[in-house]
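# Examination of the molecular architecture
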Amino acid sequence: MKPAYDVVVVGSGYGGGVSASRLSRAGQRVCVIERGREVPTGAFPGRLPELRRELQLNGGKMRSGARTGLYDFRLGADIHVLVGCGLGGGSLINAGVALRPDARVFADRAWPEEVANDELLGLGFERAEIMLRPSRYAKAPELTKYRALETASAAFGQDPVAAPVVVSFEDTVNPAGVTQPACTLCGDCCSGCNVGAKNTVAMTYLPDAKAHGAEIFTELSVSHVEKRGQSWRVHIVPTDEKDGAPRYVDAKTVVLSAGTLVSAKASPPMATSSPLLLAAARR
Ligand SMILES: Cc1cc2nc3c(=O)[nH]c(=O)nc-3n(C[C@H](O)[C@H](O)[C@H](O)COP(=O)(O)OP(=O)(O)OC[C@H]3O[C@@H](n4cnc5c(N)ncnc54)[C@H](O)[C@@H]3O)c2cc1C
Ligand code: SF4
């Protein structure tokens, strides 16, 4: 890792992947820092014991499992949240359903003005669709699950629809230049695709960012950011070593894309520095 970059991107999920790809395409020297591991196609858990080894639980003072475990459960007082931990973030373990939000979503006054009335949102969706390529499985009506949904939805007088999913249903070379085999319909999308057919951030935006010069580092957690004159100092610790030596990297711009629980709200492991993080997020 160099001592300084134009941009440091914290986290490598959708927010981080898109930022890294766009900013490196725009000629910025980009460094991506991800707390989790890179999980190559074929190395996702396929059986229950492997799955257990990838589990981490975080709740108040309670924690168990490796800090680089792929499935990161945050236990709250009344709500529990599952987030992905790895190069590609939540995209590694999500269902990949990619729908544009209903207009009512942005009508909610909870959104800041800049988000609710962002005129570039439509363009953003178009560009994301080009990279992530959501598509509906043409033979969905032949699937057992679809037929079960047909029975269930008949009660409402409706037919089910096949949701658009970010899956390659045919062998392809994707827009980031990565070869992807066709989906085998194994149904393991939420434990991690071992075929390589799911169009995750690790298959799309991150290789694109790398091809445009971004440097990507895994198993490093950002502990806090510090304002220093016109630039930022990003403090880093090894994710899974208790006494790993801290280090830092400087950048003119920092993108906080460590997921909602970390970027937007004080939450371990960034809790001690939340005011700085919030200041950075507002900048
Ligand atoms: C099981 C499941 C199914 C889902 N299904 C769908 C679906 O079908 N359709 C849909 O639209 N959405 C779905 N989602 C939600 C979707 O995946 C998330 O909304 C999305 O991943 C959020 O993107 P993000 O970039 O904000 O955060 P994330 O994807 O969570 O990325 C944040 C990244 O930051 C890293 N990070 C966190 N803290 C630090 C730190 N201190 N230092 C460095 N790195 C850090 C994390 O490891 C992670 O890689 C699903 C989610 C789950 C868990
Ligand atoms: S091959 Fe399996 S895990 Fe991969 S996208 Fe298709 S159904 Fe999901």
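Within every chain, residues take consecutive numbers counted from 1 along the sequence as written. The order in which chains are written sets their letters, starting at A; the order in which ligands are written sets their numbers, starting at 1. Local features in a predicted model are, by the rule used here, given only for residues with pLDDT of at least 70; side-chain atom pairs are given and counted only at 80 or more, and totals for whole chains, interfaces and linings are based on all residues. With hydrogens and water set aside, each side-chain value is computed from the structure's full complement of heavy atoms.

## Focus on the sheet that holds strand β1 (residues 4-10)
Sheets are built from strands that pair by backbone hydrogen bonding, the pairs being arranged parallel or antiparallel. Pairing between strands requires that DSSP locate at least two bridges from one strand to the other. In this text, helices come from DSSP runs of H or I with a minimum length of four residues, and strands from runs of E with a minimum of two, each type numbered from the N-terminal end. A sheet is described by the order of its strands in space; here 6 strands give the open sequence β9-β2-β1-β12-β11-β10, paired in mixed fashion. Strand pairing shows two members of the sheet lacking a second neighbour, β9 (215-217) and β10 (220-228), which therefore form its edges. Within this sheet the neighbouring strands show an average axis-to-axis angle of 40 degrees, counted without direction. Each axis is a line fitted through C-alpha atoms, and for a helix only the stretch in contact is used; angles between axes span 0 to 180 degrees, taken between their N-to-C directions.

## Details of the packing of aromatic side chains
Geometry of aromatic contacts follows a simple scheme: Phe, Tyr and Trp rings, the Trp one being its six-membered ring, pair when their centres are within 6.5 Å, and the pair is stacked under 30 degrees between planes, edge-to-face over 60, tilted otherwise. Here the structure, examined in full by the defined rule, presents 2 aromatic pairs. The rule is short: NZ of Lys or CZ of Arg within 6 Å of the ring centre and within 35 degrees of the ring normal puts a charge over the ring. Between the NZ or CZ atom of Lys227 and the centre of the ring of Trp232, over which it lies, the distance is 4.9 Å. The side chain of Arg233 reaches across the aromatic face of Tyr248, ending 3.8 Å from its centre.

## A closer look at the pattern of salt bridges
A carboxyl oxygen of Asp or Glu within 4 Å of a side-chain nitrogen of Lys or Arg is what we treat as a salt bridge. Applying the stated rule across the entire model yields 11 salt bridges. Between Asp208 and Arg25 there is a salt bridge, with the nearest N and O atoms lying 2.7 Å from each other. Of this pair, Asp208 sits in helix α7 (residues 205-211) while Arg25 sits in helix α1 (residues 14-25), placing them 183 residues apart in sequence. Only protein chains enter the accessibility calculation, which uses a 1.4 Å probe; a residue whose area is less than 20% of its type maximum is buried, one above 50% is exposed, and one in between is partly exposed. Classification of Asp208 by relative accessible area gives buried; the value is 3%. The residue Asp72 makes a salt bridge to Arg35 at a minimum N-O spacing of 2.9 Å. Note that Asp72 is positioned in strand β5 (residues 71-75) and Arg35 in the loop between β2 (30-33) and α2 (48-53), a separation of 37 residues in sequence. Since its relative accessible area comes to 0%, Asp72 is described here as buried. In the salt-bridge network here, residues are joined through shared partners; they are Asp6, Arg29 and Lys252.

## What to know about the site of ligand 1
Near ligand 1 lie 29 residues; those nearest to it are Gly15, Glu34, Arg35, Gly90 and Val97. Contacts to ligand 1 include Gly15, whose backbone N or O atom sits 2.9 Å from an oxygen atom. Counting of polar contacts relies on pairs of N or O atoms within 3.5 Å, with two restrictions inside protein: one atom must be capable of donating a hydrogen and the other of accepting it, and residues adjacent in sequence are counted only when both atoms are side-chain atoms. Residue Asn94 places a side-chain N or O atom 3.0 Å away from an oxygen atom belonging to ligand 1. Coverage of ligand 1 by the protein amounts to 74% of the 1,000 Å² it exposes when considered alone. Elements represented by at least two residues in the shell around ligand 1 include exactly α1, β6 (80-84) and β10. The dominant element in the shell around ligand 1, judged by the number of residues it contributes, is β10, at 3 residues. Proximity is defined per residue: any heavy atom of the residue falling within 4 Å of a molecule or strand makes that residue near it. Computed with the Shrake-Rupley method and a 1.4 Å probe, the accessible areas treat only the protein chains shown as cover for residues.

## Looking at the site of ligand 2
All residues in the neighbourhood of ligand 2 are listed as Val167, Cys183, Thr184, Leu185, Cys186, Gly187, Asp188, Cys189, Cys193, Val195 and Lys198. Polar here means any residue outside two lists: the nonpolar Ala, Val, Leu, Ile, Met, Phe, Trp, Tyr, Cys and Pro, and the charged Asp, Glu, Lys and Arg; Gly therefore counts as polar. A breakdown of the residues in the shell around ligand 2 according to their chemical character gives 7 nonpolar, 2 polar and 2 charged.

## Things to note about the confidence of the model for the protein chain
Taken over all residues, the pLDDT of the protein chain has a mean of 92, while the share at 70 or more is 93%. pLDDT is defined as a per-residue confidence score from the predictor, taking values between 0 and 100. We call two residues in contact whenever any of their non-hydrogen atoms come within 4.5 Å of each other. pLDDT under 50 marks residues 266-283. Its contacts with residues more than four places away, or in other chains, come to 29 contacts.

## Describing the environment of Val249
Secondary-structure assignment places Val249 in strand β12 (residues 247-256). On the accessibility criterion, Val249 (0% relative accessible area) is buried. C-alpha of Val249 to C-alpha of Cys193: the two residues are 56 residues apart in sequence and 33 Å apart in space.

## Quick look at the pairing of strand β3 (residues 55-59)
Pairing of β3 with β5 involves 4 bridges; the strand directions are parallel. Its bridge partner being in β5, Gln56 is matched across the sheet by Asp72. As judged from the 3 bridges shared by β3 and strand β4 (residues 62-64), these two strands associate in the antiparallel manner. By the bridge assignment, Leu57 is partnered in β4 with Ser64. With antiparallel pairing between neighbouring strands as the criterion, β3 and β4 make up a hairpin whose turn holds 2 residues, including Gly60 at a positive phi of roughly 55 degrees.

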